[in-house]
Amino acid sequence: MKYILSVVAVLFIVATASAQDSVKKVYSKEVIVTGFPAEENITPVPYVTITKEKIERSAEYKDVPSILSNQPSMVFYSQSGLYSGYSFGNIRGFDQRRLSILVNGIPQNDPEDHNVYWIDMPDLASSTTSMTIQRGAGTAFYGPAAIGGSINVVTAPAIVPSYVVSAMYGSYNTAKFAFEINSGLIDNKYAISARLSKFKSDGYRHADKNDLNAYHLSLMKYDSVFSYQFNFYGGQIEDGLDYYGIYPDDEARSNFDDKELRKTNWSESFTYERRPEEGERFFQPHYEFLSTWSLNNNTKFTNSLFYIQGDGQFDYDGTWVRPSTGYSHSYYYRLTPEYAAKYGFTALTDTTLGNELTRGYVGNKQFGWLPRIEYTHENGTLNVGGEVRIHRSLHWGKLLSAAKMPVDLPGDYHYYEYNGGKDVLSAYASEQYHASDDISVTVAAQLVNQKYRFYDEKPFYVDSAFASSSGLLPGFTSHDFTVPLTFLNPRLGINIILSDALTSFGSVSYTTREPRLKDYYNAEFFTEPNFQKTQFGTYDYTQPLIRPESLLDVELGVRLNTSIGGGVLTSSLGGYYMPFTDELIKTGKKDRFGSSIVGNAESTIHMGIEYNGRYAYSTLFEVGLNFTVSKNEIKQFDSYDDPTLPVGKTPIGFPSVMGAIDFHYNITDGIGVGVIGRYVGEMYGDIGNSDYLKNDAFFVADANLSLIEKDLLGLNFVKVTFQINNIANTLYTSYVESSAGFFVGAPMNLYGGLEIGL
């Protein structure tokens with residue numbers, strides 16, 4: 001890829017010169033429409049779109065979840081405590097595994113784990129033209145079903161020629177360097193852009209380093225009949241492991257203001273705090289082809305073809321293995337005589353290895369095709385399309401080093417290994433019908449067929465003790481299963497224009513979403529598969545014990561857009577009611593990676609009120625305010641192991657109050673200042689609402705200053721930025737998980753940036 005970028009950079013020098021003279025018309029928006037964009041007076045769900053101008057205020061050092069942190073019903077936290085690294089965004093309290101995350105309409109949730117690892121898409125925000133958040137079930141039909149909401153990030157080449165060099169430096173030796181080239185329009189139809197960047201940081205917490213390299217290359221053809229866009233992006237990353245926060249005990253809770261304790265990066269099960277050898281290396285290149293073909297004045301055919309490949313490894317502490325976990329070291333790492341005889345090494349007779357360092361590897365390959373036909377008729381628009389997605393993965397683990405280990409252990413000996421797969425095939429139809437000039441109705445349905453696969457597991461030995469407790473026969477065995485799932489997701493929405501300034505909307509959606517693959521069987525931890533057992537002690541893979549979750553989402557609201565006092569006020573007020581069947585809920589139990597284990601709660605309810613308002617006075621200033629008040633309760637959870645929980649009154653662990661305020665003021669044409677504040681109410685790390693797992697409410701505010709001078713010293717522009725995060729120096733914890741502890745936010749930290757347009 002670096003060679004492609006080098007060639008493109010040379011071509012730009014020639015192409016951009018001709019583009020300067022050939023730009024005769026400017027396109028106001030991207031020709032290629034990705035995903036299902038929100039449309040004013042049509043989309044019947046709550047949404048917000050963030051423009052490129054607002055993204056650019058913070059894109060130099062923030063990733064996508066932190067840029068969205070002040071949006072309605074959003075809760076942001078990062079494992080690092082900064083606005084970079086492993087970052088996560090929740091909507092209405094639902095974590096990223098319950099959101100549908102799209103880039104250019106292409107699904108980004110890991111097919112097996114459902115999470116989104118923004119760190120594997122470094123510097124994506126700098127190449128982004130807009131971001132749209134739709135809360136609730138939303139309107140998208142690609143990727144996993146949206147529960148809390150969906151986020152679509154859109155990238156496209158700039159249509160104005162430019163060469164930009166930028167640099168940033170700040171707290172914790174955080175630095176970023178980037179170079180960007182945009183050809184502008186060539187022959188009024190072609191555009192090419194390329195960006196290279198490097199981000200490094202020592203991190204706030206112990207051993208929390210980041211070394212991220214990013215590239216982004218886009219080639220687009222604008223045309224009234226056939227337009228297309230190629231996108232290639234990704235980058236090699238290296239980072240320190242920080243998926244454990246502060247251990248949740250009484251001593252820690254009483255010392256959250258201890259500046260050294262806040263940097264703690266370990267689990268109580270480890271012998272050591274994070275060692276220099278521990279870290280992650282990963283590379284996830286993305287290849288996208290997007291096209292729009294206007295067959296006639298009324299019909300468009302859009303296509304998205306993509307391939308995503310992710311390969312990497314992480315080296316982590318293995319000293320967590322204790323007899324109390326049910327494993328000795330030699331048993332867990334499969335070094336006992338049975339394995340020695342099968343794989344040809346000397347058995348380990350001493351069950352204690354000491355100072356274990358383990359490597360986990362994952363290799364992912366995913367191909368997808370998203371076709372759609374859009375037909376515009378007299379009274380509306382009909383969309384018919386589908387999704388084809390094929391995913392395959394390889395997972396293995398090996399013992400890298402230990403104080404004691406077999407001297408003749410093969411270097412490629414994997415103590416666990418398996419392949420995973422997921423096939424997705426779906427079809428949908430969506431009609432946006434204009435019943436009158438003031439009323440539009442949306443009727444849609446999606447039929448989804450999914451198939452999980454788990455196969456080629458490395459055989460493991462069942463000893464007599466485990467055989468008697470599990471019902472399995474002694475000897476070597478492995479698991480192999482397929483879980484087919486079929487869902488029907490219908491939606492109905494209405495949008496009514498009440499006046500020139502006021503619009504109302506409402507929708508009813510039914511959505512079903514599958515569990516994660518490791519919810520069926522966590523092969524890395526050797527847990528028992530979540531399937532019914534037969535009378536012979538085997539597993540009936542056609543009878544899983546964990547079920548998909550189903551949601552009924554009812555949304556009602558109004559939107560206001562009016563002129564007041566020489567400015568424009570836009571605001572929305574809405575309510576949602578979301579009863580669940582078999583919601584997958586954190587039970588307080590954990591796996592060895594610190595991830596929460598979930599179970600099906602038979603009946604739960606989420607409901608709330610959301611407000612989002614913004615007032616803009618010309619280009620002088622704008623102010624925004626949003627808040628959410630919600631109630632999240634378990635009505636029935638028969639499988640939870642605490643019978644004392646009062647049914648019907650048990651909160652699920654989501655914050656019930658959250659909100660944000662922001663203000664931006666342009667002092668002059670080239671000088672602007674802004675302040676953003678976020679409030680998150682108290683929340684709990686599990687459904688038991690234990691005081692030692694309560695994350696206290698917090699408010700944190702950031703400030704920024706930017707100065708832009710155009711035509712300075714022969715340069716196109718010079719931009720200087722200064723950012724102060726956590727201006728009150730608040731010592732707070734931003735999130736809590738029962739299995740990982742409290743994640744802190746860094747105290748006051750400063751950043752300065754310089755951007756030069758050549």
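Structural notes on the overall build of the protein chain
Then, in step 1: What the protein chain contains, in helices and strands, is eight helices and 40 strands.
Then, in step 2: Here the protein chain holds 758 residues, and the buried ones make up 57% of them.
Then, in step 3: Here the analysis covers contacts within the protein chain between residues at least 6 apart in sequence; of these, 69% occur between residues at least 24 apart.

Here we look at the pairing of strand β38 (residues 733-737)
Then, in step 1: Of all five residues in β38, five are buried, a share of seventy percent or more.
Then, in step 2: Judged from the four bridges that link them, β38 and strand β39 (residues 741-744) form a sheet pairing that is antiparallel. Opposite threonine 733, over in β39, you have valine 744 as the bridge partner.
Then, in step 3: Counting the residues that bridge the hairpin from β38 to β39 gives three residues.

Section: the confidence of the model for the protein chain
Then, in step 1: For the protein chain, mean pLDDT is 88; residues scoring 70 or higher make up 89% of the total.
Then, in step 2: Contacts of residues 1-30 to residues separated by more than four positions or lying in other chains number 47 contacts, the stretch itself having pLDDT below 50.

What about the pattern of salt bridges?
Then, in step 1: Throughout the structure, instances matching the rule amount to 32 salt bridges.
Then, in step 2: With its nearest N and O atoms 3.0 Å apart, the salt bridge here joins arginine 135 to glutamate 610. You can see arginine 135 sitting in strand β6 (residues 128-135) and its partner glutamate 610 sitting in strand β29 (residues 596-617), a full 475 residues away along the chain.
Then, in step 3: Arginine 135 sits in the buried class, given a relative accessible area of 3%.

Section: unusual backbone geometry
Then, in step 1: Even without being a glycine, asparagine 104 presents a positive backbone phi close to 55°.
Then, in step 2: Note that asparagine 104 resides in the loop between β4 (99-103) and β5 (106-107).
Then, in step 3: What makes asparagine 104 buried here is its relative accessible area of 0%.
Then, in step 4: Positioned with a positive phi, alanine 207 is a non-glycine residue whose angle comes to about 55°.
Then, in step 5: Looking at the secondary structure, you find alanine 207 in the loop between β10 (190-201) and β11 (210-221).

Here we look at empty space enclosed by the protein
Then, in step 1: Evaluation of the coordinates by the stated rule reveals nine cavities of 30 Å³ or more.
Then, in step 2: Space inside the second largest cavity adds up to approximately 230 Å³.
Then, in step 3: Taken together, 21 residues form the lining of the second largest cavity, with Lys62, Asp63, Pro122, Asp123 and Leu212 sitting closest to its centre.
Then, in step 4: Elements represented by at least two residues in the lining of the second largest cavity include exactly β10 and β11.
Then, in step 5: Among the elements that make up the lining of the second largest cavity, the one with the highest residue count is β10 (three residues).
Then, in step 6: Grouping the amino acids of the lining of the second largest cavity by side-chain chemistry returns 12 nonpolar, three polar and six charged.

Brief notes about the side chain of glutamate 278
Then, in step 1: Within the element layout of this structure, glutamate 278 appears in the loop between α4 (250-253) and β14 (279-283).
Then, in step 2: For glutamate 278, a relative accessible area of 4% puts it in the buried group.
Then, in step 3: A polar side-chain atom of glutamate 278 sits 2.6 Å from a polar atom in the side chain of arginine 274.
Then, in step 4: Setting aside residues no more than four positions away along its own chain, glutamate 278 makes contact with Gly240, Leu241, Glu273, Asp315, Tyr316, Asp317 and Leu357.

Thoughts on the nonpolar core
Then, in step 1: Counting residues in each nonpolar core, the largest one holds 75 residues, and the members touching the most others are Tyr333, Leu335, Phe481 and Tyr520.
Then, in step 2: No other element matches the four residues that strand β23 (residues 481-497) contributes to this core.
Then, in step 3: For tyrosine 520, the contacting residues outside a window of four places in its chain are Tyr452, Phe481, Val483, Leu485, Pro515, Pro529, Asn530, Phe531, Pro544 and Ile546.
Then, in step 4: Residues Met131, Val153, Tyr233 and Tyr576 belong to the second largest nonpolar core, which totals 34 residues.

Section: the pairing of strand β32 (residues 657-666)
Then, in step 1: Where strand β30 (residues 621-636) and β32 come together, nine bridges link them in antiparallel fashion. Bridge pairing in β32 places threonine 628 opposite methionine 658.
Then, in step 2: Sheet topology places β32 next to strand β33 (residues 671-680); nine bridges connect them, and they run antiparallel. In the strand pairing of β33, glycine 659 is matched with tyrosine 679.

Considering the environment of tyrosine 461
Then, in step 1: Counting through the fold element by element, tyrosine 461 comes out in strand β21 (residues 460-462).
Then, in step 2: On the basis of relative accessibility, which here comes to 22%, the residue tyrosine 461 falls in the partly exposed class.
Then, in step 3: A C-alpha to C-alpha distance of 8.7 Å links tyrosine 461 and serine 478, two positions 17 residues apart in sequence.
Then, in step 4: Aside from chain neighbours lying at most four places away, what touches tyrosine 461 is Tyr331, Glu338, Tyr339, Gly475 and Phe476.

Focus on the side chain of serine 304
Then, in step 1: Considering the arrangement of structural elements, one finds serine 304 in strand β16 (residues 299-317).
Then, in step 2: For serine 304, a relative accessible area of 12% translates into the label buried.
Then, in step 3: In contact with serine 304, other than residues within four places in its own chain, are Ile106, Phe289, Leu290, Gly368, Trp369 and Leu370.

Details of the packing of aromatic side chains
The geometry of two aromatic rings is summed up by the distance between their centres and the angle between their planes.
Then, in step 1: Considering all chains together, one arrives at 44 aromatic pairs under this definition.
Then, in step 2: Ring centres of tyrosine 418 and phenylalanine 454 lie 4.9 Å apart, and the angle between their planes is 25°; on these two criteria the pair is classed as stacked. With tyrosine 418 in strand β19 (residues 416-434) and phenylalanine 454 in strand β20 (residues 439-455), this pair connects stretches of sequence that are 36 residues apart. By the burial criterion, tyrosine 418 is buried, and phenylalanine 454 matches it.
Then, in step 3: Residues phenylalanine 621 and phenylalanine 663 carry aromatic rings whose centres are separated by 6.1 Å and whose planes lie at 35° to one another, so their mutual orientation is tilted. With phenylalanine 621 in strand β30 and phenylalanine 663 in strand β32, this pair connects stretches of sequence that are 42 residues apart.
Then, in step 4: The class for phenylalanine 663 is partly exposed, based on a relative accessible area of 35%.
Then, in step 5: Over the ring of tyrosine 243 we find arginine 274, and its NZ or CZ is 4.7 Å from the ring centre.
Then, in step 6: Directly above the aromatic system of tyrosine 455 lies the positively charged group of arginine 453, at a separation of 4.2 Å from the ring centroid.

Structural notes on the environment of valine 64
Then, in step 1: Residue position: valine 64 is located in helix α3 (residues 64-67).
Then, in step 2: Apart from the residues within four sequence positions on either side, valine 64 is in contact with Trp118, Leu124, Ala125, Met131 and Val153.

Observations regarding the sheet that holds strand β1 (residues 47-51)
Then, in step 1: Read across the sheet, five strands follow the order β1-β6-β7-β4-β5 without closing on themselves; strand pairing throughout is mixed. The sheet is open, and its two borders are formed by β1 and β5, each paired with just one other strand.
Then, in step 2: Summarising the sheet, β6 and strand β7 (residues 149-155) pair through seven bridges and their orientation is antiparallel. Paired with arginine 135 across the bridge in β7 is glycine 149.

As for a nonpolar patch on the surface
Then, in step 1: Together, Leu625, Phe627, Val629, Val657, Ile661, Tyr679 and Phe699 make up an exposed nonpolar region whose accessible area comes to about 580 Å².
Then, in step 2: Only β30 and β32 provide two or more residues apiece to the nonpolar patch.
Then, in step 3: Per-element tally for the nonpolar patch: the top contributor is β30, with three residues.
Then, in step 4: Inspection of the secondary structure puts isoleucine 661 in strand β32.

About the cut-offs
Residues numbered from 1 in each chain as written. Predicted model: local features only at pLDDT ≥ 70, side-chain atom pairs only at ≥ 80, totals over all residues. Heavy atoms only, no water. Helix = DSSP H or I, 4+ residues; strand = E, 2+ residues; numbered from the N terminus. Buried < 20%, exposed > 50% of the residue type's maximum accessible area, 1.4 Å probe, protein only. Contact = heavy atoms within 4.5 Å. Pairing = 2+ DSSP bridges. pLDDT = per-residue confidence, 0-100. Salt bridge = Lys/Arg side-chain N within 4 Å of Asp/Glu carboxyl O. 1 Å grid on protein atoms, 1.4 Å probe; cavity = no way out; pocket = protein on both sides within 12 Å on 5 of 7 lines; lining within 4 Å. Points joined across faces, edges and corners; volume = space filled by probe spheres on them. Nonpolar A, V, L, I, M, F, W, Y, C, P; charged D, E, K, R; others polar. Polar contact = N/O pair within 3.5 Å; in protein donor to acceptor, adjacent residues only side chain to side chain. Core = buried A, V, L, I, M, F, W, Y, C linked by side-chain atoms within 4.5 Å. Phe/Tyr/Trp six-rings, centres within 6.5 Å; stacked < 30°, edge-to-face > 60°. Lys NZ or Arg CZ within 6 Å of the ring centre and 35° of its normal. Patch = residues over 30% accessible without salt bridge, like charges linked within 9 Å, V, L, I, M, F, W, Y side chains within 5 Å. Areas by Shrake-Rupley, 256 points an atom, 1.4 Å probe, with all protein chains shown as cover.

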